[in-house]
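Residue-level structural notes
Single-letter residue listing:
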Amino acid sequence: MDLNLKQKVILVSGGSEGIGFATAKTLAEEGAIVMIGSRSQEKLNHAKQQLSAFGDQIIIKPLDVTNPENIQAWVATAVAQFGRIDGLLINAGGPKPSQFEQLTEADWQTGFELILMSAIRMIYAVLPIMKQQQQGSIVAITSSAVKEPISELVLSNVFRTGLTALLKTLSRDLAQYQIRVNSVLPGRIDTERIKKLDESRAQQTGISITQIQQATLQNIPLGRLGNPDEMGKVATFLLSEAASYITGQAILVDGGLLKGL
Ligand SMILES: NC(=O)c1ccc[n+]([C@@H]2O[C@H](COP(=O)([O-])OP(=O)(O)OC[C@H]3O[C@@H](n4cnc5c(N)ncnc54)[C@H](OP(=O)(O)O)[C@@H]3O)[C@@H](O)[C@H]2O)c1
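Residues numbered from 1 in each chain as written. Predicted model: local features only at pLDDT ≥ 70, side-chain atom pairs only at ≥ 80, totals over all residues. Heavy atoms only, no water.

Re the overall build of the chain
What counts is decided by this rule: A run of DSSP states H or I qualifies as a helix once it reaches four residues; a run of E qualifies as a strand once it reaches two. Both are numbered from the N-terminal end. The reference for a compact globule is 2.2 Å times residues^0.38; the radius of gyration itself is calculated from the C-alpha atoms. Note on contacts: a residue pair is in contact if any heavy atoms of the two residues lie within 4.5 Å.
A tally of helices and strands in the chain yields eight helices and seven strands. In terms of C-alpha radius of gyration, the chain reaches 18 Å, essentially the compact-globule figure of 18 Å for 261 residues. Principal-axis analysis of the C-alpha atoms places the extent of the chain at approximately 55 × 40 × 35 Å. For the chain, contacts bridging at least 24 residues in sequence account for 74% of all contacts bridging at least 6.

This is the structure:
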């Protein structure tokens, strides 16, 4: 199957590690020009080095998705350099893990900026060029928490469901411009984020990390964590023209973890 991604310009936020990086890599393998953003120049350099086989196809530019000016500059760079944006992957680090009663007002504000406002601002930034092109694909990485809330990830539960509602709304409103809007929902994918969440759970419960990991695996019918590449492939498909009739969907990649229909 040809994904028809050659020379397509795709922006990947939070793309220096984990799921974002895996998506950037898959996109590059398919011939896309990929602009990766994240906060740390060091991580960006490392990502560029890991993808050195793709040469000029990979552009790195620092980006903090909680900073509106950063977002404007990031998108403007792509438009100035390539004159188009075919796809946007909305992704960043996850919010602070915590149960409801431990969260402060400042935590709520930070979570809101990181998960919801960042996505809103990135979508506003790419819309003019995508509307002008009469074409584009927007994909957000959210979480299985959108379908089944996770007790100690209240900020994720709340703001990612809000984001999902926005994406569904936009999928209908933007279809007239041939702009598709979808999301991919990771279950338990083997990245730095999962390691930190397991550490945090171990600290809060006094249960060892090994026991926490074993309990996680017992709940996953496929019996293992997901590989970031398995997320990257689904996100790449949705960003490509191969998914030209898919919009407004929230697709789980969870090894069968969630039990609901
Ligand atoms: N892994 C899972 O199983 C899982 C499950 C459910 C949901 N999720 C969610 O999926 C997303 C990606 O997960 P992951 O596991 O790939 O995370 P990760 O391994 O922690 O990677 C996060 C990436 O985002 C970047 N980033 C963090 N904060 C940023 C910011 N403010 N602005 C721009 N870039 C930022 C990081 O680079 P810098 O540090 O350089 O900024 C890094 O490249 C997260 O939101 C996570 O909560 C993951």
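Right, picking up where we left off after that structure.
Observations regarding the environment of Tyr124
How we decide: Buried means the residue's accessible area, taken with a 1.4 Å probe over protein chains only, is under 20% of the maximum for its type, while exposed means over 50%, and partly exposed covers the values in between.
Within the element layout of this structure, Tyr124 appears in helix α4 (residues 105–133). What makes Tyr124 exposed here is its relative accessible area of 61%. The spatial distance from the C-alpha of Tyr124 to the C-alpha of Lys195 is 33 Å, given a sequence separation of 71 residues.

Considerations on helix α5 (residues 154–173)
Given 3.6 residues per turn, any residue in an α-helix points the same way as the ones three and four places further on. Note the cut-off: Here a helix's expected span is defined as the number of its residues, less one, multiplied by 1.5 Å.
Its 20 residues place the ends of α5 29 Å apart at the C-alpha level, agreeing with the 28 Å of an ideal helix rising 1.5 Å per residue. Looking at α5, one finds that the buried residues are Val154, Leu155, Ser156, Asn157, Phe159, Arg160, Leu163, Thr164, Leu167, Leu170 and Ser171. Next to the buried residues of α5 lie α4, β5 (136–141) and β6 (179–186).

Regarding the packing of aromatic side chains
Our working rule: Classification of ring pairs rests on two measures: the distance between centres of Phe, Tyr or Trp rings, Trp counted by its six-membered ring, which must be within 6.5 Å, and the angle between planes, read as stacked under 30 degrees, edge-to-face over 60 and tilted in between.
Per the counting criterion, the structure on display carries three aromatic pairs. Here the aromatic rings of Phe100 and Trp108 are separated by 6.2 Å at their centres, their planes lie at 70°, and the arrangement is edge-to-face. Where Phe112 meets Phe159, the ring centres are 5.8 Å apart and the plane angle is 55°; that geometry is what we call tilted. Residue Phe112 is located in helix α4, and its partner Phe159 is located in helix α5; the two are separated by 47 residues in the primary sequence. Since its relative accessible area comes to 25%, Phe112 is described here as partly exposed. Look at Phe159 and you get buried, because its relative accessible area is 10%. Each residue in the set Phe100, Trp108, Phe112 and Phe159 is aromatic and connected to the rest through ring pairs, giving one cluster.

Some details on the site of the ligand
The test is simple: One heavy atom within 4 Å of a molecule or strand makes the whole residue count as near it. Polar contacts here mean pairs of N or O atoms no more than 3.5 Å apart (in protein, one a potential hydrogen donor and the other a potential acceptor; neighbouring residues in sequence count only if both atoms are side-chain atoms). Accessible areas in this description were obtained via Shrake-Rupley with a 1.4 Å probe; residue shielding takes into account the shown protein chains only.
Close to the ligand lie 29 residues, the nearest being Ser16, Ser38, Lys43, Ile189 and Thr191. Contact between the ligand and Gly187: an oxygen atom at 3.5 Å from a main-chain N or O atom of the residue. One of the backbone nitrogen or oxygen atoms of Ile189 is found 2.6 Å away from an oxygen atom of the ligand. When the ligand sits alone it has 880 Å² of accessible area, and the protein chains cover 94% of it. Elements represented by at least two residues in the shell around the ligand include exactly α1 (18–29) and α6 (192–205).

Notes on the packing of α1 against helix α8 (residues 228–239)
Our working definition: Whenever a helix is involved, its axis is fitted only over the stretch in contact; in every case the axis is a line through C-alpha atoms, and angles between N-to-C directions fall within 0 to 180 degrees. Working rule for angles: under 35 degrees goes down as roughly parallel, over 145 as roughly antiparallel, 65 to 115 as roughly perpendicular, anything else as oblique. By convention, the crossing between two helices is left-handed when the near helix turns anticlockwise from the far helix through less than a right angle, and right-handed when the turn is clockwise.
In contact at an axis separation of 7 Å, α1 and α8 are set at 55° when each is read in the N-to-C sense. With respect to α8, the element α1 is oriented oblique. Pair α1 / α8 crosses with right-handed handedness. When α1 is examined against α8, the residues Gly18, Ile19, Ala22, Thr23, Lys25, Thr26 and Leu27 are found in contact with a partner set consisting of Pro228, Asp229, Met231, Gly232, Lys233, Ala235, Thr236 and Leu239.

Re the environment of Gly162
For Gly162, the location among the structural elements is in helix α5. Between the C-alpha atoms of Gly162 and Lys195, which are 33 residues apart in sequence, the distance is 26 Å.

Let's talk about the side chain of Gln57
Position of Gln57 among the secondary structure elements: in the loop between α2 (41–50) and β3 (58–62). There is a polar contact of 3.0 Å between the side chain of Gln57 and the backbone oxygen of Ala28. Contact partners of Gln57, with chain neighbours within four places excluded, come to Ala28, Gly31, Ala32, Ile33 and Val34.

As for the sheet that holds strand β4 (residues 87–90)
Put simply, the rule reads: Here, a strand pair is defined by DSSP locating no fewer than two bridges between the strands.
Taken in spatial order, the seven strands of this open sheet run β3-β2-β1-β4-β5-β6-β7, and their pairing is parallel. Strands at the two margins of the open sheet, each flanked by one partner only, are β3 and β7 (250–253). If you compare each strand with its neighbour and ignore which way they point, the axes differ by 20° on average. The pairing of strand β2 (residues 33–38) with β3 spans five bridges and is classified as parallel. Bridge assignment links Ser38 to a residue of β3, and that residue is Pro62.

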